[in-house]
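# Report on the structure
In case you want the letters, here they are:
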There are 2 protein chains.
Amino acid sequence: MAISSSKKNSQTNSCIAANTVTPEIDGISVDCVIFGFKKESLEVLLVQHAGGESEGSWGLLGGWMKRQESADDAAHRIIYELTSLDNIYLEQLKAFTNPSRVLDRRIVTIGYYTLVNQEDYNVKASLDVREAKWCKIKEIPNLIFDHNEILNFSLLQLQNRVRQAPIGFNLLPEKFTLLQLMHLYEEILGIELDKSNFRRKILHMKLLVALDEKQQDVSHRAAKLYKFDPDIYKKLTEKGFNFEF
Amino acid sequence: MAISSSKKNSQTNSCIAANTVTPEIDGISVDCVIFGFKKESLEVLLVQHAGGESEGSWGLLGGWMKRQESADDAAHRIIYELTSLDNIYLEQLKAFTNPSRVLDRRIVTIGYYTLVNQEDYNVKASLDVREAKWCKIKEIPNLIFDHNEILNFSLLQLQNRVRQAPIGFNLLPEKFTLLQLMHLYEEILGIELDKSNFRRKILHMKLLVALDEKQQDVSHRAAKLYKFDPDIYKKLTEKGFNFEF
């Protein structure tokens, strides 16, 4: 099964990672994109740095990974330290490694993202940040380093995910209208959807349970309410689906 | 839109990545999982280290990321340096950051993976590696560091991908039978499939063009040949599908 073999031993100029070398890196950071959904609006949590060379600039929630912690642990710790947010489910995006992503220093950052219901979390800015705010996706300012790139990458990831699994459905009230669900998809995907087309496709997917109830206290004609069947939801989360709009 | 604000400036104990700190990391490496398909068998390319503390051990194709290169560039360079393989499409898996993944040193590795047709590549082991070989998925030995974990993670990733997009179809001959396609899926997914079930589902997906030809020179009853329509293939690659078995 061997393809080719070189018996000559060589330890010089080795690129095998097992050999000890001087680090060619100044540090590893973790940056977190926290998407928050609130009243049919998709926003992202940003912090304004209170000190250091980036004082006054806006950026994602980020910080250094410590020697004795994994990137996952670092991400949770940093989010807690900066904003007091706890118990957040985070997913690693990838490592961002462009050598010029930070001026004069070689810093690799590992990106994380999640999507939460804003109302479930009470954000408090820590001493390290002057301010923490939710910013509408369409109003993102220029961020430090490559944070706009990380944000854009995670938005694409989120958009792919909502087409393949029932991600974000937990952001709706327990009973909801098809229009509310459509607005959730429209906001995350950043596109306008055709109402009857959406209705036909989502009902065809058999994701929803139609209730014998209608909206209450609305000025327009009350729409039918739906909910998710936990069993169907669980099954679809595991095996996925493909939602073409 | 501000949630909470702390006007007090503090540069002490800051965890914001913009501040300069001593690196808590000894180095960043890149490790590549190259899956190769050959005669209905899924294999992975391994190298036996020729020097350093890992001499004699088997591992994935890996090496250090240099200060002036991205992880993508490092991955391509390392694969070329170790095996002379060129022009390989690689996808980043994620960063592996367990603090105890390498004994006594803090090394983060960025994983990559790809799936190629073995016959398209001529692997040559470099001076840094004693041997490079394709190893059957079911016969993977104990690898250095967390390389078994990286390999398992990339296999899961590959299995998810073949359920969602026509990945790997380019590993078959231009004209193929449904049984050949089924064996490709069986080998990648590591499961046995039901022949008539597979036939029904794959034909229902309208992925394939049925040809007016049958197999030649076979001892058993000649099976019908199929090929892919490049337009359908392109469309399905872009929008994805969900193949339930």
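Note that this is a predicted model, so its numbers are computed, not measured. (Residues numbered from 1 in each chain as written. Chains lettered and ligands numbered in written order. Predicted model: local features only at pLDDT ≥ 70, side-chain atom pairs only at ≥ 80, totals over all residues. Heavy atoms only, no water.)

## Re the overall build of chain A
- Counting its secondary structure elements, chain A contains five helices and ten strands.
- When its C-alpha atoms are laid out on the principal axes, chain A stretches across 75 × 55 × 30 Å.
- For chain A, the residues scored as buried account for 51% of the 245 residues in total.
- Considering only residue pairs separated by 6 or more positions, chain A has 66% of its internal contacts joining residues 24 or more positions apart. (Helix = DSSP H or I, 4+ residues; strand = E, 2+ residues; numbered from the N terminus. Buried < 20%, exposed > 50% of the residue type's maximum accessible area, 1.4 Å probe, protein only. Contact = heavy atoms within 4.5 Å.)

## Examining the packing of helix H2 (residues 147-164) of chain A against helix H3 (residues 178-189) of chain A
Residue and element names in this part refer to chain A.
- Two elements in contact, H2 and H3, have axes whose closest approach is 9 Å; the angle formed by their N-to-C orientations is 145 degrees. For the pair H2 and H3, the contacting residues are Leu155, Leu158, Gln159, Val162 and Arg163 in the first and Tyr185, Ile188 and Leu189 in the second.
- Taken together, the residues of the contact of H2 with H3 sort by class into six nonpolar, one polar and one charged. (Axes fitted to C-alpha atoms, helices over the stretch in contact; angles between N-to-C directions. Nonpolar A, V, L, I, M, F, W, Y, C, P; charged D, E, K, R; others polar.)

## Here we look at the domain arrangement of chain A
Residue and element names in this part refer to chain A.
- According to the domain assignment, chain A contains domain 1 (27-163) and domain 2 (165-239).
- Domain 1 and domain 2 are separated by 29 Å when their C-alpha centres are compared.
- Contact residues are listed per partner, giving 14 residues for domain 1 and 14 residues for domain 2.
- Where domain 1 abuts domain 2, roughly 1,300 Å² becomes buried across the two surfaces, and 63% of that area is made up of carbon and sulfur atoms.
- Counting the surface domain 1 buries against domain 2, the share from its top three residues, Phe37, Glu40 and Val162, is 43%.
- The tally of links between domain 1 and domain 2 comes to zero salt bridges.
- For the pair domain 1 and domain 2, the number of links is six residue pairs in polar contact (both at pLDDT 80 or more). (Domains from an automatic or database assignment. Buried area = accessible area lost by both parts, 1.4 Å probe. Salt bridge = Lys/Arg side-chain N within 4 Å of Asp/Glu carboxyl O. Polar contact = N/O pair within 3.5 Å; in protein donor to acceptor, adjacent residues only side chain to side chain.)

## Describing the UniProt feature "domain: Nudix hydrolase" (unreviewed entry) in chain A
- As annotated by UniProt and renumbered to match this structure, "domain: Nudix hydrolase" (unreviewed entry) occupies residues 27-159 of chain A.
- Here residues 27-159 of chain A is 20% helix and 39% strand, with 31 Å between the C-alpha atoms at its ends. (UniProt positions renumbered as here; feature names shortened; annotations may be inferred.)

## Considering the nonpolar core
- Membership of the largest hydrophobic core comes to 56 residues, with the highest contact counts inside it found for Val30 and Ile34 of chain A together with Val30 and Ile34 of chain B.
- Contacts of valine 30 of chain A, omitting those with residues within four sequence positions, involve Leu61, Gly62, Gly63, Met65, Ala71, Ala74, Ala75, Ile78, Thr109, Ile110 and Tyr112 of chain A. (Core = buried A, V, L, I, M, F, W, Y, C linked by side-chain atoms within 4.5 Å.)

## Digging into the pairing of strand E2 (residues 27-38) of chain B
All names here are of chain B.
- With respect to burial, E2 is a largely interior element, eleven of its twelve residues being buried.
- Of the pairings in the sheet, the one linking E2 to strand E5 (residues 61-64) comprises four bridges and is antiparallel in character. Note that in E5 the partner of aspartate 31 across the bridge is glycine 62.
- Taking the residues between adjacent antiparallel strands as the criterion, E2 and strand E3 (residues 41-49) are bridged by two residues, where lysine 39 takes a positive phi near 45 degrees. (Pairing = 2+ DSSP bridges.)

## Side note on the pattern of salt bridges
All names here are of chain A.
- Tallied over the full model, the rule gives 16 salt bridges over all chains.
- Here aspartate 146 ties to arginine 101 by a salt bridge, and the two come within 2.7 Å at their closest N and O atoms. One end of the pair, aspartate 146, is in the loop between strand E8 (129-136) and H2; the other, arginine 101, is in the loop between strand E6 (91-96) and strand E7 (107-117), with 45 residues separating them in the sequence. The pair formed by aspartate 146 and arginine 101 is uniform in burial state, with each residue classed as buried.

## Comments concerning the packing of aromatic side chains
All names here are of chain B.
- One pass over the full model with this rule turns up twelve aromatic pairs over all chains.
- Here the aromatic rings of phenylalanine 169 and tyrosine 185 are separated by 5.8 Å at their centres, their planes lie at 75 degrees, and the arrangement is edge-to-face. Here tyrosine 185 lies in helix H3 (residues 178-189) and phenylalanine 169 lies in the loop between helix H2 (147-164) and H3, a separation of 16 residues in the sequence.
- Under the relative-accessibility criterion, tyrosine 185 is labelled buried at 1%.
- Aromatic side chains phenylalanine 176 and phenylalanine 228 sit 4.8 Å apart centroid to centroid with 40 degrees between the ring planes, which places their arrangement in the tilted category. Pair noted here: phenylalanine 176 is in the loop between H2 and H3 and phenylalanine 228 is in strand E10 (residues 224-228), with a separation of 52 residues, a long-range link. (Phe/Tyr/Trp six-rings, centres within 6.5 Å; stacked < 30°, edge-to-face > 60°.)

## Some words on unusual backbone geometry
- In this structure, glutamate 40 of chain A takes a positive phi of about 65 degrees despite not being glycine.
- Assessed through its relative accessible area of 38%, glutamate 40 of chain A is described here as partly exposed.

## Concerning a positive patch on the surface
Residue and element names in this part refer to chain A.
- A grouping of Arg199, Lys214, Arg221 and Lys224 is seen on the molecular surface, where their side chains present a positively charged patch.
- Locating lysine 224 in the fold gives a position in strand E10 (residues 224-228).
- For lysine 224, a relative accessible area of 34% corresponds to the partly exposed category. (Patch = residues over 30% accessible without salt bridge, like charges linked within 9 Å, V, L, I, M, F, W, Y side chains within 5 Å. Areas by Shrake-Rupley, 256 points an atom, 1.4 Å probe, with all protein chains shown as cover. Lys, Arg positive; Asp, Glu negative; His and termini not counted. Charge placed at Lys NZ, Arg CZ, Asp CG, Glu CD.)

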